[in-house]
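Here is what each chain is made of, one letter per residue.
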Amino acid sequence: MNNLGPAERFLVGAVGPPGKRRFYFQVVADGNRHSLLAEKQQVQALASQGWRSLQRSGVVVDTEAVEAILATDLDIVDPAGREDFRVGTINVGIRPSGLMNLSFESDRDEQGLMFMVSPEQFRAMVVIARKLVRAGRPICPWCRLPKSPEGHECPARN
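Residues numbered from 1 in each chain as written. Predicted model: local features only at pLDDT ≥ 70, side-chain atom pairs only at ≥ 80, totals over all residues. Heavy atoms only, no water.

Caption draft 1: Inspection of helix α1 (residues 40–57) at higher detail. Over its 18 residues, α1 runs 26 Å from end to end, which matches the ideal 26 Å to within 8%, given 1.5 Å per residue. Residues of α1 that are buried sit in contact with β2 (9–15), β3 (22–29), β4 (32–38), β5 (85–94), β6 (100–106) and α3 (119–134). (Helix = DSSP H or I, 4+ residues; strand = E, 2+ residues; numbered from the N terminus. Expected span 1.5 Å × (residues − 1). Contact = heavy atoms within 4.5 Å.)

Caption draft 2: Region of interest: the nonpolar core. Ranked by size, the top nonpolar core spans 38 residues in total, and within it F10, F25, F104, F115, F122 and M125 carry the most contacts. When residues of this core are traced back to their parent elements, those giving at least two are β2, β3, β4, α1, β5, β6, β7 (112–117) and α3. When residues no more than four places from it in sequence are discounted, the contact partners of M125 are F10, V12, F25, L46 and A47. (Core = buried A, V, L, I, M, F, W, Y, C linked by side-chain atoms within 4.5 Å. Buried < 20%, exposed > 50% of the residue type's maximum accessible area, 1.4 Å probe, protein only.)

Caption draft 3: Representation of a positive patch on the surface in the model. A cluster of basic side chains, namely R52, R56, R130, K131 and R134, defines a positive patch on the protein surface. In terms of residues, the positive patch owes the most to one element, α3, which gives three residues. With respect to the helices and strands, R134 occurs in helix α3. Judged by its relative accessible area of 63%, R134 is exposed. (Patch = residues over 30% accessible without salt bridge, like charges linked within 9 Å, V, L, I, M, F, W, Y side chains within 5 Å. Areas by Shrake-Rupley, 256 points an atom, 1.4 Å probe, with all protein chains shown as cover. Salt bridge = Lys/Arg side-chain N within 4 Å of Asp/Glu carboxyl O. Lys, Arg positive; Asp, Glu negative; His and termini not counted. Charge placed at Lys NZ, Arg CZ, Asp CG, Glu CD.)

Caption draft 4: Representation of the packing of helix α2 (residues 63–70) against α3 within the structure. Between α2 and α3, the shortest axis-to-axis distance is 9 Å and the interhelical angle comes to 55 degrees. The pairing of α2 with α3 is recorded here as oblique in orientation. Note that α2 runs across α3; the crossing there is right-handed. Along the contact surface, α2 presents A65, V66, I69 and L70, while α3 presents E120, Q121, R123, A124, V127 and I128. (Axes fitted to C-alpha atoms, helices over the stretch in contact; angles between N-to-C directions. Parallel < 35°, antiparallel > 145°, perpendicular 65-115°, else oblique. Left-handed = near helix turned anticlockwise from the far one by under 90°.)

Structure representation (structure tokens):
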């Protein structure tokens, strides 16, 4: 596991049109960018479960600092197939200081990254992740599957 130390930036984003998007976590530490390919569900789970854990810990998040982070350029850089690895497991730990330890492990081999973010960096990622998840394809009210832009053959309506 490669320990990056404190992250300068921690981003989440997607590349491609809805239905064909590739989701990435990007970490910049010590001036180096690391791109981790993820599933939409992993983005959603880290945002919701990580945020709940942070809230339960009692750590105070500076909302002005979160807004300042959100006001910066938060677009990810498309790694164009050169991601570090595909995410398998994500672990979150919260230090007494409020800093969060995050570790991402590969789903196929022994690769992994570990780094620290501030609660404000994490909260900004949560805000972006929620927007990304909502920006996906609309869900069919009958079968609960995503509708394709080319049309939707609903199995529940046949």
